[in-house]
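What follows is each chain in one-letter form.
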Amino acid sequence: MAQRILVTGASSGIGRATAECFARAGAQVALVARRGAALVEFAAALGAGIFPIAADVTREADAERAINQATERLGGLDVLVNAAGILKGGDITRTSLALWDEMLNVNLRAVFHLMQLAVPHLKASRGNIVNVSSVTGLRSFPGVLAYCVSKAGVDQLTRCAALELAPFGVRVNAVNPGVVVTSLHSSGGMGAEAYQAFLEHSKSTHPLGRVGQPQEIAELIEFLASDRASWITGATISIDGGRALTCAR
Ligand code: NDP
C-alpha cells in the first residue's frame with residue numbers, strides 16, 4: 001500500500017516541498033495549514049490522493065479534527081510530519097510573555113499534541129514521525145530566544161518520544177535545518193531588504209557557503225520516513241551546510 005502521510009505547514013516552504021516530494025513518490029498525503037484556499041489549490045495541482053485540511057494546529061479542536069479527517073480519508077496513518085512553525089525575534093529583555101506563548105504554542109505544544117493524537121494510529125501501522133526542528137535547537141543564537149527554546153524542546157520531545165515508542169516499532173526523528181529560503185522570516189516581520197542582507201550574510205555563516213532550499217530538507221524528511229531509515233530513531237539530524245559545526249569568532 002502507498003504510504004499515508006500527514007504534513008503540517010503544507011501551504012508553504014519546507015512543508016509544501018515535503019508534501020510534494022511524498023506525492024511524487026506515490027503517497028497519499030493530507031495537507032494541513034491555516035490557509036485552506038492555498039491548500040485546495042495545491043492539492044488539485046498534486047492530483048489524486050491528496051487531501052487539504054484547513055486547521056490551526058494550536059487550536060485543540062482543530063488538531064483533533066485534522067488527525068481524525070486525515071486518518072479517515074487516508075484509511076490510517078503511516079507518517080506524521082510536523083513542519084508548521086513560526087519565527088519571531090526577541091531577546092530576553094524584549095520577549096513578551098505573549099510572544100513566548102505564541103512561539104511555544106505553535107512550535108512545541110502543537111507538535112506534542114499532534115504527536116499524542118497520532119500515536120494510536122502510528123502504533124497500528126508501525127509508522128513514524130519526523131519533526132522539523134532547526135539548528136537553533138542544537139545551538140544558541142542571540143535575539144531569537146523563544147524560537148531557540150521551542151526548537152530545543154522539539155529535539156528533546158523527539159528523543160523522549162522515540163524511547164517511549166520504540167517498543168511499538170514507532171520511530172521518531174527530527175531534522176535540524178540551517179537557513180532555508182522560505183516565507184518564515186518575512187512572515188515573522190523581516191522586510192525584503194533585510195531578508196536579502198540576511199541571506200547574503202548567511203553565505204558566510206554556513207561553511208558550505210550558501211543557504212538551503214526546501215527541496216533539500218524534503219528529501220531528508222522523505223528518507224527518514226521511509227523503510228530505508230528503519231534503524232534510525234531519536235535522531236536530530238543537521239542539514240545546514242555545516243552551520244552547527246561553527247563557533248562565534
Ligand atoms: P514557512 O513560513 O514558509 O511555512 C510555515 C508553515 O507553517 C506554513 O505552511 C504555515 O501555514 C504553517 N503554520 C504556521 N502557523 C500555523 C498554525 N498555527 N497552524 C497551522 N499551520 C501553521 O516557513 P518554513 O517552511 O521555513 O518553516 C517550516 C518549518 O521549518 C518551521 O518549523 C521552521 O521553524 C523550520 N525551519 C525553517 C528554517 C528556515 O530557515 N526557513 C530553518 C530551520 C527550521 P499557514 O500560514 O497557511 O497556516
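Data block above holds the structure.
Note that the structure is a prediction, hence the values are computed from the model and not measured.

Analysis parameters
Numbering of residues begins from 1 in every chain and follows the order in which that chain's sequence is written. Predicted model: local features are reported for residues with pLDDT of at least 70 only, side-chain atom pairs are reported and counted for 80 or more only, and whole-chain, interface and lining totals are derived from all residues. For the side-chain quantities, the full set of heavy atoms in the structure was used; hydrogens and water were omitted. We count a stretch as a helix when DSSP gives it H or I for four or more residues in a row; a strand needs E for two or more, and each element gets its number in order from the N terminus. Contacts are residue-level and defined by heavy atoms, with any inter-residue pair within 4.5 Å sufficient. To get an axis, fit a line to the C-alpha atoms, keeping to the stretch in contact for a helix; angles then go from 0 to 180 degrees between the N-to-C directions. Definitions for this section: a left-handed crossing has its near helix turned counterclockwise from the far helix by less than a right angle. A right-handed crossing has that turn clockwise. For this scheme, ten residues count as nonpolar: Ala, Val, Leu, Ile, Met, Phe, Trp, Tyr, Cys and Pro. Four count as charged, namely Asp, Glu, Lys and Arg, and the remainder, Gly too, count as polar. Only protein chains enter the accessibility calculation, which uses a 1.4 Å probe. A residue is then buried if its area is under 20% of the maximum for its type, exposed if over 50%, and partly exposed in between. Counted charges follow a simple rule, with Lys and Arg positive, Asp and Glu negative, and His plus the chain ends left uncounted. One side-chain nitrogen of Lys or Arg within 4 Å of one carboxyl oxygen of Asp or Glu is enough to make a salt bridge. Under the rule applied, a polar contact is a pair of N or O atoms within 3.5 Å (in protein, one hydrogen donor and one hydrogen acceptor; residues adjacent in sequence only if both atoms are side-chain atoms).

Draft legend 1. Quick peek at the environment of Met190. Tracing the backbone through its elements, the reader meets Met190 in the loop between α7 (184-187) and α8 (192-205). Considered as a pair, Met190 and Lys88 are 102 residues apart in the sequence and their alpha carbons are 8.9 Å apart. Once residues within four sequence positions are removed from consideration, Met190 is found in contact with His185, Tyr195 and Phe198.

Draft legend 2. The arrangement of the packing of helix α3 (residues 60-74) against helix α4 (residues 97-125) in detail. Direction vectors running N to C along α3 and α4 enclose 35°, while the axes themselves pass 10 Å from each other. Taken as a pair, α3 and α4 cross one another with a handedness that is right-handed. Residues Glu60, Ala63, Glu64, Ile67 and Thr71 of α3 lie in contact with α4, whose contacting residues are Arg109, His113, Leu114, Leu117, Ala118 and His121. Among the residues forming the contact of α3 with α4, the class breakdown is five nonpolar, three polar and three charged.

Draft legend 3. The arrangement of the side chain of Arg243 in detail. Its place among the elements puts Arg243 in the segment after β7 (236-239). Although Arg243 is buried, it makes no salt bridge; Asp240 carries the closest opposite charge, 7.0 Å away. Within the structure, Arg243 has its side chain in polar contact with the backbone oxygen of Thr205 (distance 3.3 Å).

Draft legend 4. Inspection of unusual backbone geometry at higher detail. Its identity is not glycine, yet Arg126 carries a phi of approximately 50°, on the positive side. By the element assignment, Arg126 lies in the loop between α4 and β5 (128-132). The exposure class of Arg126 is exposed, given its relative accessible area of 58%.

Draft legend 5. Looking closely at the environment of Ala38. Tracing the backbone through its elements, the reader meets Ala38 in helix α2 (residues 36-46). C-alpha separation for the pair Ala38 and Ala54, spaced 16 residues apart in sequence, amounts to 9.4 Å.

None of this, on its own, says anything about what the molecule does.
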